[in-house]
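Summary of the model geometry
Spelled out from the first residue to the last, the chains are:
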Amino acid sequence: MPWNKNDYPDAMKNLDNQVKGKAIEIANELVNQNYSEGRAIPIAIERAREWADNNGSSSSNSKIYHLVPNDDKWEIKKENGERASFTFDTKKEARDKVNDMLNDTADKIIIHRKDGTIEDTLTS
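As a starting point, this report considers the structure included with it. Computed from a predicted structure; not experimentally measured.

Regarding the side chain of Glu 79
Note on placement: Glu 79 falls in the loop between β2 (73–78) and β3 (86–88). Here Glu 79 is buried and forms no salt bridge, its nearest opposite-charge partner Lys 22 lying at an N-O distance of 4.4 Å. For Glu 79, the side chain forms a polar contact with the side chain of His 66, separated by 2.8 Å. Residues contacting Glu 79, with those up to four places away along its chain left out, are Lys 22, Trp 51, Ile 64, Tyr 65, His 66 and Ile 110.

Points about helix α2 (residues 37–54)
Here α2 spans 25 Å end to end across 18 residues, near enough to the 26 Å set by a 1.5 Å rise per residue. Within α2, burial applies to Ala 40, Ile 41, Ala 44, Ile 45, Ala 48 and Trp 51. The arc that holds every buried residue of α2, seen down its axis, measures 130°, which confines them to one face. With respect to the buried face of α2, the exposed residues turned more than 90 degrees away are Gly 38, Asp 53 and Asn 54.

A few points about the sheet that holds strand β4 (residues 108–112)
Spatially, the five strands line up as an open sheet ordered β3-β2-β1-β4-β5, and their pairing is mixed. Both edges of this open sheet fall to β3 and β5 (118–123), since each of them pairs with a single strand only. Averaged over neighbouring strand pairs, the angle between their axes works out to 20° when direction is ignored. Both strand β1 (residues 64–70) and β4 contribute to a ladder of four bridges, which runs parallel. Residue pairing across strands places Tyr 65 opposite Ile 109, the latter belonging to β4.

Looking at the nonpolar core
If you look at the biggest cluster of nonpolar residues, it comprises 14 residues, and the most contacted ones within it are Met 12, Leu 15, Ala 23, Ala 44 and Ile 45. Setting aside residues no more than four positions away along its own chain, Ala 23 makes contact with Met 12, Leu 15, Ala 44, Ile 45 and Ala 48. Core analysis: the next-biggest nonpolar cluster, separate from the first, contains 13 residues, Phe 88, Val 98, Leu 102 and Leu 122 among them.

Thresholds, definitions, all that
- Residues numbered from 1 in each chain as written.
- Predicted model: local features only at pLDDT ≥ 70, side-chain atom pairs only at ≥ 80, totals over all residues.
- Heavy atoms only, no water.
- Helix = DSSP H or I, 4+ residues; strand = E, 2+ residues; numbered from the N terminus.
- Buried < 20%, exposed > 50% of the residue type's maximum accessible area, 1.4 Å probe, protein only.
- Lys, Arg positive; Asp, Glu negative; His and termini not counted.
- Salt bridge = Lys/Arg side-chain N within 4 Å of Asp/Glu carboxyl O.
- Polar contact = N/O pair within 3.5 Å; in protein donor to acceptor, adjacent residues only side chain to side chain.
- Contact = heavy atoms within 4.5 Å.
- Expected span 1.5 Å × (residues − 1).
- Arc of directions from axis to C-beta.
- Pairing = 2+ DSSP bridges.
- Axes fitted to C-alpha atoms, helices over the stretch in contact; angles between N-to-C directions.
- Core = buried A, V, L, I, M, F, W, Y, C linked by side-chain atoms within 4.5 Å.

Have a look at this one:
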């Protein structure tokens, strides 16, 4: 079951939002790699806390972007960014741009579904 910012394991409820978001992302990826939910959740929480301690939002050299839905549009945003770098009418247009960005601009792009859950992670 993919988790999202509105539906996540109880063990994550007391994490701050940034760590919780990272833990959700990691847990979903671990489940996709066939970890059981019971094993994925504590591993994800531990890794998310380590991530926050090591490079959380203070990493200005981060080249991670997210392809996210916004109303009836699709946006590409830098991780932890507030404004969209690019906005598109369709997900296909946004995916085309993502492919270009992987070669030039981004090290990693996380693609979300319309409901906000993670669909795919692409790396250069």
